[in-house]
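Chain residues, written in single-letter form:
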Protein chains: 2
Amino acid sequence: MMQYLKDLGEYYVVEQILNLIKSSRASYLPPGDDAVALKLGNYFVVVNVDTLIARYCMLPGMTLYDLGWRVVTASASDLASKLAQPKIFLISISMPGTTPLEDVLDFTRGAIDASRYYGAELCGGDTNESSDIVVSAVGIGLTDIEPLPRSGLRPGDVVAVTGAFGYTGLVFKAYYSGVELDRLPRKFIEKTYRPRARVDIVPVLREIRSYLTASSDSSDGLVRTLYNLAEASGVSIVLDRLPISDEVSEVCAQFGFSPEEVVLYGGEEFELVLGIRPSSIDEVIRRFHSIGTELLVVGRATEGRGVVYLKSGSEVRKLPLSGWEYFRK
Amino acid sequence: MMQYLKDLGEYYVVEQILNLIKSSRASYLPPGDDAVALKLGNYFVVVNVDTLIARYCMLPGMTLYDLGWRVVTASASDLASKLAQPKIFLISISMPGTTPLEDVLDFTRGAIDASRYYGAELCGGDTNESSDIVVSAVGIGLTDIEPLPRSGLRPGDVVAVTGAFGYTGLVFKAYYSGVELDRLPRKFIEKTYRPRARVDIVPVLREIRSYLTASSDSSDGLVRTLYNLAEASGVSIVLDRLPISDEVSEVCAQFGFSPEEVVLYGGEEFELVLGIRPSSIDEVIRRFHSIGTELLVVGRATEGRGVVYLKSGSEVRKLPLSGWEYFRK
């Protein structure tokens, strides 16, 4: 029987594609990781591509400038999660002929400004005509230390995140629930419309590399990212704390949203999820604190086979692997 | 007045985008070149992205496997033109939910096989949902010698191509003229459906690097490529010979097609266009001959301002800059 993408969902499709390339060895990072890495002398060149479809990620009032910023941010976030400092970005722009020139230039300006914000430059790209607005960013970064894979989590490792989640999830939840977005605090809108990849913490990540075992960007959503880490590492993960801030809790209460839903299943947030050797956790927290970043410990890796659990009180339950997925509506 | 892409054409739009990034310095190659290059110790890491929209490049009987082969070939060709050996490819796949899984896997197989054919590996990518089939390949290559820019042509330099043109142009011309494609010689169809980037000549290009002044891939079509070289170098180019083979001439005659049109304006062919120091031309021809590649001298760079002329007999005329262009139908 013929199987179509819409009946299978994005992640099943990705798994089938990865099956075809799993024997590839040219990248230092395994297939399916956030980026590829090419070893060259004392350096690793880290490269990834991230594509966005405008109609799935544009909220009211979001401009093409914001889209340019976002697609470069998505790519920068993957590089940062592998400890690489971004150097060059490329963009590929596919848009309908009815697009105003000014929109294309605004998209480019957003990509230029984001590239600079991350200490890199936009240096080239490609232009095509399509029905949808489909944009890609290619990020090229460097690191002088082994990139951190998704696959390094070991049972007992501490799992931590580099900041609170739920801001973007809450904005999307509000939008889909018919809540006017200007009723939300300005900070939530800013974090959603102009997200920041954690390139700022790459220097400290490189300094504490030996305390870390795994890393991933979280743009797929927190639960999805934890599943990716658990599956790649051959462990399970038990969450015992949600990385939620008081302000996210308060706004959730105000609108009757589930904090668990917006924090765990939001997506399009750009904190990093790290695996940390248990003996080094205090030192790692201290080092992050010294640069003004509060590391939030959310759980532990355990013996297991790629499952993510949530522990609250004495209850432990498996977190369903749901959330946004292409080809499945 | 609001200007739309469809009224401006792809090349005007690209020029406006390049205006925004022309001051970027992170790439060893100037903005607008076939690829970017990052210098790292004794190496240059060369990266590019190429995007194809299926409905503009799929001929009858062309499969998703062919599309996967083609998009990797397009990227490999840009790397080869900069003297880089491809190492890793990434793909980004945006397709409708109604696409059969088997088509996506066939696309991936085509990309895998092309990557291997060029001595590299497909190591990762990205998947998204869109209305059109929009696919990108990111190529990552290495060279231990300065990449050849488009901008190095000097007046007096010989302009040559690495093979005859017109096979693909003729197939597209036949298709748009309503000629059944199975009336064309098998070789024409094969060169069109399963094109080969000239990665095979990268070793010799590196050996003769000091004799060469400029290089570009020709996938935009021969005249467009010559204009790109002339504009980037601040010279003009006078063609005095079409790079046409007897078989292309014969098939053109058979169907009443203009050889000039299919050779000069065809596009989607993957020979390289080279600038060569005049004193070295005999040696360069000899070196290509020794590896079984016939270098075809087609003209000369002259003092001028980015114009391409065709000289036949005593007549010299400016070649119009037309041919396939997105956003302009």
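Residues numbered from 1 in each chain as written. Chains lettered and ligands numbered in written order. Predicted model: local features only at pLDDT ≥ 70, side-chain atom pairs only at ≥ 80, totals over all residues. Heavy atoms only, no water.

Asks: Talk me through the overall build of chain A; I want residue IDs and the actual numbers.
Replies: Across its full length, chain A holds 12 helices and 12 strands. A compact globule built from 329 residues should have a C-alpha radius of gyration of about 20 Å, and chain A, at 19 Å, falls within 12% of that. Its C-alpha atoms give chain A principal-axis dimensions of about 55 × 55 × 55 Å. In chain A, buried positions account for 62% of the 329 residues. Of the contacts made within chain A by residues no fewer than 6 positions apart, 82% connect residues no fewer than 24 positions apart. When the accessible area of chain A is evaluated, it comes to approximately 12500 Å², of which 48% is carbon and sulfur surface. Separation between the mean location of the 34 positive side-chain charges and that of the 42 negative ones in chain A comes to 4 Å. (Helix = DSSP H or I, 4+ residues; strand = E, 2+ residues; numbered from the N terminus. Rg over C-alpha atoms; globule rule 2.2 N^0.38 Å. Buried < 20%, exposed > 50% of the residue type's maximum accessible area, 1.4 Å probe, protein only. Contact = heavy atoms within 4.5 Å. Areas by Shrake-Rupley, 256 points an atom, 1.4 Å probe, with all protein chains shown as cover. Lys, Arg positive; Asp, Glu negative; His and termini not counted. Charge placed at Lys NZ, Arg CZ, Asp CG, Glu CD.)

Asks: Account for the relation of the copies chain A and chain B, naming residues and giving values.
Replies: Of the transformation placing chain A onto chain B, the axial shift is 0.0 Å and the rotation is 180 degrees, giving an RMSD of 0.0 Å. The superposition of one copy onto the other is thereby described by a two-fold rotation axis. When the interface residues of chain A are mapped onto chain B, 100% of them are again interface residues, pointing to one common binding face. (Least-squares fit on C-alpha atoms with pLDDT ≥ 70 in both.)

Asks: An account of the side chain of A:Ser215 is needed here, citing residue identities and associated values.
Replies: Residues and elements named next belong to chain A. With respect to the secondary-structure elements, Ser215 resides in strand 7 (residues 212-217). For Ser215, a relative accessible area of 0% corresponds to the buried category. Every residue in contact with Ser215, bar those within four places of it in the chain, is listed here: Asp34, Ser81, Lys82, Leu148, Pro149, Arg150, Leu229, Val273 and Leu274.

Asks: Account for unusual backbone geometry, naming residues and giving values.
Replies: Leaving glycine out, the prevailing phi sign among residues is negative, and the prevailing peptide bond configuration is trans. Residue and element names in this part refer to chain A. Phi is positive for Leu83, which is not a glycine, with a value near 75 degrees. Tracing the chain through its elements places Leu83 in the loop between helix 4 (64-81) and strand 3 (85-95). Assessed through its relative accessible area of 0%, Leu83 is described here as buried.

Asks: Can you explain the domain arrangement of chain A? Please cite residues and give values.
Replies: All names here are of chain A. Domain boundaries assigned for chain A yield domain 1 (33-143) and domain 2 (158-318). Using C-alpha coordinates to define each centre, domain 1 is positioned 23 Å away from domain 2. Domain 1 puts 27 residues into the contact, and the matching count from domain 2 is 22 residues. Roughly 2200 Å² is buried in total at the junction of domain 1 and domain 2, and carbon and sulfur atoms are behind 62% of that figure. Three residues, Leu59, Arg70 and Leu83, lead the burial of domain 1 against domain 2; their summed loss comes to 29% of the area buried on that side. Here domain 1 is connected to domain 2 by 2 salt bridges. In this structure, Glu268 and Arg70 form a salt bridge, with 2.6 Å as the shortest nitrogen-oxygen distance. The tally of links from domain 1 across to domain 2 stands at 12 residue pairs in polar contact (both at pLDDT 80 or more). The leading source of residues in the side of domain 1 that touches domain 2 is helix 4, at 11 residues. When the residues that make up the side of domain 1 that touches domain 2 are grouped by side-chain class, the tally is 16 nonpolar, 6 polar and 5 charged. (Domains from an automatic or database assignment. Buried area = accessible area lost by both parts, 1.4 Å probe. Salt bridge = Lys/Arg side-chain N within 4 Å of Asp/Glu carboxyl O. Polar contact = N/O pair within 3.5 Å; in protein donor to acceptor, adjacent residues only side chain to side chain. Nonpolar A, V, L, I, M, F, W, Y, C, P; charged D, E, K, R; others polar.)

Asks: An account of empty space enclosed by the protein is needed here, citing residue identities and associated values.
Replies: Under the definition given, this model contains 1 cavity of 30 Å³ or more. Considered as a void within the structure, the largest cavity measures approximately 60 Å³ in volume. Every residue lining the largest cavity is listed: A:Leu20, A:Ile21, A:Ser23, A:Ser24, B:Ile112, B:Arg116, B:Ala120, B:Glu121 and B:Leu122. Listed by contribution, the elements that provide at least two residues to the lining of the largest cavity are helix 2 (10-21) of chain A together with helix 5 (101-117) and strand 4 (121-129) of chain B. Class assignment for the residues of the lining of the largest cavity results in 5 nonpolar, 2 polar and 2 charged. (1 Å grid on protein atoms, 1.4 Å probe; cavity = no way out; pocket = protein on both sides within 12 Å on 5 of 7 lines; lining within 4 Å. Points joined across faces, edges and corners; volume = space filled by probe spheres on them.)

Asks: So what about the environment of B:Ala84? Which residues, and what values?
Replies: All names here are of chain B. Along the chain, Ala84 falls in the loop between helix 4 (64-81) and strand 3 (85-95). Taking the C-alpha atoms as reference, Ala84 lies 15 Å from Leu212; in sequence the two are 128 residues apart. Discounting residues that sit within four places of it in the chain, Ala84 has contacts with Val46, Leu79, Gly141, Leu142, Thr143 and Val202.

Asks: Talk me through the sheet that holds strand 1 (residues 36-40) of chain B; I want residue IDs and the actual numbers.
Replies: Residue and element names in this part refer to chain B. The mixed open sheet is built from 5 strands, whose spatial order is 1-2-5-3-4. Of all strands in the sheet, those bounded by a partner on one side alone are strand 1 and strand 4. The mean angle between the axes of side-by-side strands here comes to 15 degrees, regardless of whether they run parallel or antiparallel. Pairing between strand 3 and strand 4: 8 bridges, direction parallel. The partner of Ser92 across the bridge, within strand 4, is Asp126. (Pairing = 2+ DSSP bridges. Axes fitted to C-alpha atoms, helices over the stretch in contact; angles between N-to-C directions.)

Asks: Give me the packing of helix 5 (residues 101-117) of chain A against helix 2 (residues 10-21) of chain B: which residues, what numbers.
Replies: Relative orientation of the contacting elements helix 5 of chain A and helix 2 of chain B amounts to 30 degrees, with a least axis distance of 10 Å. Between helix 5 of chain A and helix 2 of chain B, the angle is such that the two are roughly parallel. For the pair helix 5 of chain A and helix 2 of chain B, the sense of crossing is right-handed. For the pair helix 5 of chain A and helix 2 of chain B, the contacting residues are A:Leu101, A:Val104, A:Leu105, A:Thr108, A:Arg109 and A:Ile112 in the first and B:Tyr12, B:Val13, B:Gln16, B:Ile17, B:Leu20 and B:Ile21 in the second. A breakdown of the residues in the contact of helix 5 of chain A with helix 2 of chain B according to their chemical character gives 9 nonpolar, 2 polar and 1 charged. (Parallel < 35°, antiparallel > 145°, perpendicular 65-115°, else oblique. Left-handed = near helix turned anticlockwise from the far one by under 90°.)

Asks: Break down helix 4 of chain A for me, with residues and values.
Replies: Given 3.6 residues per turn, any residue in an α-helix points the same way as the ones three and four places further on. Residues and elements named next belong to chain A. With 18 residues, helix 4 ought to run about 26 Å at 1.5 Å a step, and its terminal C-alpha atoms sit 26 Å apart, in line with that. Burial analysis of helix 4 places 18 of its 18 residues in the buried class, the great majority of the element. With a side-chain oxygen positioned 3.3 Å from the backbone nitrogen of Tyr65, the residue opening helix 4 is Thr63. (Expected span 1.5 Å × (residues − 1).)

Asks: Give me the lowdown on the sheet that holds strand 10 (residues 296-302) of chain B, citing residues and values where you can.
Replies: All names here are of chain B. Strand order in the open sheet formed by 7 strands is 7-9-6-10-8-11-12, and the pairing between neighbours is mixed. Lying at the two open borders of the sheet, with one neighbouring strand each, are strand 7 (212-217) and strand 12 (315-318). This sheet shows a mean twist of 25 degrees between the axes of neighbouring strands, independent of strand direction. Pairing of strand 7 with strand 9 (residues 272-276) involves 5 bridges; the strand directions are antiparallel. Across the sheet, residue Ser216 finds its bridge partner in strand 9, namely Val273. Where helix 4 meets the sheet, its contacts fall on strand 7 and strand 9, and the angle it forms with strand 7 comes to roughly 175 degrees. Sheet strands in contact with helix 12 (residues 281-290) are strand 6 (158-161), strand 9 and strand 10, and its direction is about 145 degrees off that of strand 9.

Asks: Could you give an account of the interface of chain A and chain B, naming the residues involved and the relevant values?
Replies: With 75 residues of chain A in contact, the opposing surface of chain B contributes 75 residues. Contact between chain A and chain B buries roughly 6000 Å² in total, counting both sides, with carbon and sulfur atoms accounting for 71%. Along the contact surface separating chain A from chain B lie 0 salt bridges. In terms of residue count, strand 4 (residues 121-129) of chain A provides more of the side of chain A that touches chain B than any other element does, 9 residues in total. When the residues that make up the side of chain A that touches chain B are grouped by side-chain class, the tally is 41 nonpolar, 20 polar and 14 charged.

Asks: Just give me the short version of helix 5 of chain B, but keep the residues and values in it.
Replies: In this model helix 5 of chain B runs 24 Å from its N-terminal to its C-terminal C-alpha over 17 residues, within 8% of the 24 Å that 1.5 Å per residue would give. Among the residues making up helix 5 of chain B, those that are buried are B:Leu101, B:Val104, B:Leu105, B:Phe107, B:Thr108, B:Gly110, B:Ala111, B:Ile112, B:Ala114 and B:Ser115. On its buried face, helix 5 of chain B sits against helix 1 (5-8) and helix 2 of chain A together with helix 4, strand 3, strand 4 and strand 5 (134-143) of chain B. Backbone geometry just after helix 5 of chain B places B:Gly119 at a positive phi near 80 degrees.

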